[in-house]
Amino acid sequence: MTESFVIQSDIANLPLVEERLFHFCHENNVGNYYSAVSVAVMQAVKNAIVHGNASDSSKKVSLTFDTCRGGICAEVSDEGRGFDFRQYGDLPSGDSTTGEGIFIMKSLSDRMVFSDEGRMVRLEFDVAGIDPSDALERVAILQGRFAPVLV
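Residues numbered from 1 in each chain as written. Predicted model: local features only at pLDDT ≥ 70, side-chain atom pairs only at ≥ 80, totals over all residues. Heavy atoms only, no water.

(A) Just the nonpolar core, in detail. Core analysis: the biggest nonpolar cluster contains 37 residues, and Val 41, Val 45, Leu 63 and Phe 65 have the highest contact counts within it. Breaking this core down by element, the ones donating at least two residues are β1 (3-8), α1 (14-27), α2 (34-52), β2 (60-68), β3 (71-77), α3 (100-108), β5 (120-125) and α4 (132-150). Counting residues per element, this core draws most heavily on α2, at ten residues. Other than its neighbours up to four places away in sequence, Leu 63 contacts Glu 3, Ser 4, Phe 5, Ile 7, Val 17, Val 45, Glu 75 and Val 76. (Core = buried A, V, L, I, M, F, W, Y, C linked by side-chain atoms within 4.5 Å. Buried < 20%, exposed > 50% of the residue type's maximum accessible area, 1.4 Å probe, protein only. Helix = DSSP H or I, 4+ residues; strand = E, 2+ residues; numbered from the N terminus. Contact = heavy atoms within 4.5 Å.)

So this is what it looks like as structure tokens:
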């Protein structure tokens, strides 16, 4: 069952996205994996709003939740300029916080693929193949390292 919708590029819309994601995950028996899925997807949406669309409320963020490969996937697209996503994904070094959100998304998902010059990210979660305690452990580790980012 695919769910697609569009939101205005405004942080105030994050609770709406989280509510729809929760219902989608519940309908697809995601269960204990929800924490990891939620943190990663919400980070992608926040990145699309703040970085992709520069918090311009006249721009939109498109979302699609679907089932894939025995799990679930989420696609998040913005209307921004795009970016060179190849330089991100590893743990940021030193005092830099640049790229922490992408590192979180990559760490919590089983696959992360950017397209459309960085304007679209697809996050895949192999829900059937991940142990629930592993999902919760991933979130706990990232909360310890990135607590300010996850708030």
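(B) Summary view of the environment of Met 112. Summarising the element assignment, Met 112 is placed in strand β4 (residues 111-115). Taking C-alpha positions, Met 112 is 9.2 Å from Ile 102, a pair spaced ten residues apart along the chain. When neighbours within four sequence positions are excluded, Met 112 is seen to be in contact with Ile 102, Met 105, Lys 106, Val 121, Arg 122 and Leu 123.

(C) Representation of the packing of aromatic side chains within the structure. Taken as a whole, this structure holds six aromatic pairs when the rule is applied. Centre to centre, the rings of Phe 24 and Phe 65 are 5.7 Å apart; their planes meet at 45°, and the pair counts as tilted. With Phe 24 in helix α1 and Phe 65 in strand β2, this residue pair connects regions lying 41 residues apart in the sequence. Here Phe 24 and Phe 65 have matching classes, each one buried. Pairing Phe 83 with Phe 114 gives two aromatic rings, centres 5.4 Å apart and planes at 90°, and the pair type is edge-to-face. Taken as a pair, Phe 83 in the loop between β3 and α3 and Phe 114 in strand β4 lie far apart in primary sequence, 31 residues in all. For Phe 83, a relative accessible area of 30% corresponds to the partly exposed category. What links up through ring pairs into an aromatic cluster is the set Phe 5, Phe 24 and Phe 65. In this structure, Arg 20 is placed above the aromatic ring of Phe 5, and the distance from its NZ or CZ to the ring centre is 3.9 Å. Its guanidinium or amino end placed over the ring of Phe 85, Arg 86 lies 5.9 Å from that ring's centre, counting from NZ or CZ. (Phe/Tyr/Trp six-rings, centres within 6.5 Å; stacked < 30°, edge-to-face > 60°. Lys NZ or Arg CZ within 6 Å of the ring centre and 35° of its normal.)

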